[in-house]
Structures are given as structure tokens and as C-alpha cells.
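Descriptive analysis of the structure
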Amino acid sequence: MVTPEHHVAVVDHLVQHSHPVRRIWSVRIRLTVFLLFGGVSGTLVAWMWARPDLVAKLHEPSFTIGLLALALATGCAALLALRSAVPGRGPSHLESALTLLLVGAAAFSIGIRFLLDTDATASRLLDAGWPCALRTLAFAVPPWSVLLIAIRRGAPVHVTSAGAYAGAAALLLATTALRAACRDDDPSHWLIWHFAVVITGTALSTALATTWLRRWRHD
């Protein structure tokens, strides 16, 4: 059987333009590195701006459950972001629902006070909490960048999912750290100036990361 000339030309072109690459780390290793990075940076944020009553707050079930739910949601979102860069291992609907459920549990643990004490919180719906919103976005930039670099080193097929989960993981990490640092426990403050920022920031991350990842994929 004679090999067509165009086939030989294509193979020769691929061989000439190929170069050795380092083997990419597994999803488990990259997730561990991200969680270690997130744990160190989150601990630094919580330590530098720690609320004075943090130890006492940790004895409150609703506070601790909400903090743990945020931490678990961060890990799940980071895992799904990294898996989006592996062909054939994109996130399933069940895994996405689990991440949303954890975020909802964290929001509920804070917002339940709003249901029990509406009069006390309704007057503060428009309190100036923009510094917390800016801190959330600023603290999310480093882990977001780390995740995008890790995703880029893979083969991101589901670039939109990767961008969305990378943004959610970074913003949830920042929110987890600020939960231990922010001194305002008012539910309206948290629902507007923290959780709403996670939603809008994730949408922004999806748009930016999708554009960048597609550009990297075609370079």
C-alpha cells in the first residue's frame, strides 16, 4: 500500500514542529497544590485581619457549618475546574449540583438569621459594604491565576466550564477567608457584599477565562 503524498507531508510537518513537553501533573496533585496554596493564603488573610471573637464564633454551629460548607465548596469547584482540562472527564450534573448545594448551605447558615430577625436586617440592606466586595475580588485574583495556569497546561475542551469553575473556586476561597476575618455578621451584608460578589465575579471570570483559554488553545 502506497502512502498518499499529502499524508507524508502532514506527518513531516508535524514532526518538524513538534517538541518535547513535560508530563502534566495529575488532577489530584494539582488540586492538592491549589488547596495548599489556598490554605496558606486564606490563613494569612484570616490571621492578618482576624476578628477578635473568632474563637467564640467557632463554637456557634451555624458559623462553623457555614465555614466548612464554604471550604468544601471551594475544593469541589477547584476539582471541577481542573477536571474540565482533561478530555472526557468534564464535570457531571451531579457534581455541579453538589457544589451549588454546598454554597447554598453556607448562604443559608448566614441568611437564616435574616429569616428570624427581618426587622433588624432590612434597614441595613444598602449599607456601604463595598470594601468587603473589593477585598473578595482582590484576594481571589492570585488563586484564580494559579488555577488558569494549571488548566492551560492541560487540554481544556470545556473552556466555558473551566472558566466558570475557576472563578467560583477562587472567589469562594476568598469568601472563606473573609468569613473568618469580616466582623460584620449581618445576613444582608453577607448576601449582598459577599455572596452576590461570588455570583457576579464568576460570571465575569467565565467570560474572561473562556476568551483567554480559547486563545491559548489556538496559539
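The structure we're discussing is the one just above.
As a starting point, this report considers the structure included with it. (Residues numbered from 1 in each chain as written. Predicted model: local features only at pLDDT ≥ 70, side-chain atom pairs only at ≥ 80, totals over all residues. Heavy atoms only, no water.)

1. Remarks on the packing of aromatic side chains
Note on aromatic pairs: each is described by the distance of the centres and the angle between the planes. In this structure the tally under the stated criterion is 3 aromatic pairs. Judged by centre distance (5.7 Å) and plane angle (35°), the ring pair of Trp49 and Phe139 falls under tilted. Here Trp49 is found in the loop between helix 2 (27-48) and helix 3 (54-57), whereas its partner Phe139 is found in helix 7 (residues 130-152), with 90 residues between them in sequence. Among the residues examined, Trp49 registers a relative accessible area of 44% and is labelled partly exposed. Taken together, a centroid distance of 5.5 Å and an interplanar angle of 50° make the contact between Trp144 and Trp212 tilted. With Trp144 in helix 7 and Trp212 in helix 9 (residues 187-218), this pair connects stretches of sequence that are 68 residues apart. Judged by its relative accessible area of 33%, Trp212 falls in the partly exposed class. The side chain of Arg179 reaches across the aromatic face of Trp190, ending 4.8 Å from its centre. (Phe/Tyr/Trp six-rings, centres within 6.5 Å; stacked < 30°, edge-to-face > 60°. Helix = DSSP H or I, 4+ residues; strand = E, 2+ residues; numbered from the N terminus. Buried < 20%, exposed > 50% of the residue type's maximum accessible area, 1.4 Å probe, protein only. Lys NZ or Arg CZ within 6 Å of the ring centre and 35° of its normal.)

2. Some thoughts on the nonpolar core
Residues Leu82, Ile151, Ala166 and Phe195 are the most contacted members of the largest nonpolar core, which totals 41 residues. When residues of this core are traced back to their parent elements, those giving at least two are helix 2, helix 4 (61-83), helix 5 (93-116), helix 7, helix 8 (159-179) and helix 9. If one sorts the elements of this core by residue count, helix 8 sits on top with 11 residues. By size, the runner-up hydrophobic cluster in this structure holds 5 residues, among which are Ala46, Leu54, Leu67 and Ala180. (Core = buried A, V, L, I, M, F, W, Y, C linked by side-chain atoms within 4.5 Å.)

3. Here we look at the packing of helix 2 against helix 7
Relative orientation of the contacting elements helix 2 and helix 7 amounts to 170°, with a least axis distance of 11 Å. Here helix 7 runs roughly antiparallel to helix 2, going by the angle between their axes. Listed contacts from helix 7 to Arg30, Phe34, Phe37 and Val45 of helix 2 are Phe139, Pro142, Pro143, Val146, Leu147 and Ala150. (Axes fitted to C-alpha atoms, helices over the stretch in contact; angles between N-to-C directions. Parallel < 35°, antiparallel > 145°, perpendicular 65-115°, else oblique. Contact = heavy atoms within 4.5 Å.)

4. So, the side chain of Asp185
Of note, Asp185 is situated in the loop between helix 8 and helix 9. The exposure class assigned to Asp185 is buried, which follows from its relative accessible area of 15%. Side chain to side chain, Asp185 and Lys57 meet in a polar contact 3.1 Å long. (Polar contact = N/O pair within 3.5 Å; in protein donor to acceptor, adjacent residues only side chain to side chain.)

5. Observations concerning the environment of Ser26
Along the chain, Ser26 turns up in the loop between helix 1 (5-16) and helix 2. Look at Ser26 and you get partly exposed, because its relative accessible area is 37%. A sequence separation of 60 residues divides Ser26 from Val86, and the C-alpha atoms of the two residues are 9.6 Å apart.

6. Here we look at helix 7
For helix 7, which comprises 23 residues, the first-to-last C-alpha distance of 32 Å matches the rise-based estimate of 33 Å (1.5 Å per residue) to within 8%. At Val141, helix 7 shows its maximal bend, which comes to roughly 35°, and the proline Pro142 appears one to four places after that position. (Expected span 1.5 Å × (residues − 1). Bend = angle between axes of the 7 residues up to and from the residue.)

7. Structural notes on the pattern of salt bridges
All told, the structure shown has 5 salt bridges when counted by the stated rule. Residue Arg51 pairs with Asp185 through a salt bridge whose shortest N-O separation is 2.7 Å. Here Asp185 lies in the loop between helix 8 and helix 9 and Arg51 lies in the loop between helix 2 and helix 3, a separation of 134 residues in the sequence. By relative accessible area, Arg51 is classed as buried at 4%. Its salt-bridge partner being Arg179, residue Asp185 comes within 3.2 Å of it at the nearest N-O pair. For Arg179, a relative accessible area of 6% puts it in the buried group. One network of salt bridges, in which partners are shared, links Arg51, Asp53, Lys57, Glu60, Arg179 and Asp185. (Salt bridge = Lys/Arg side-chain N within 4 Å of Asp/Glu carboxyl O.)

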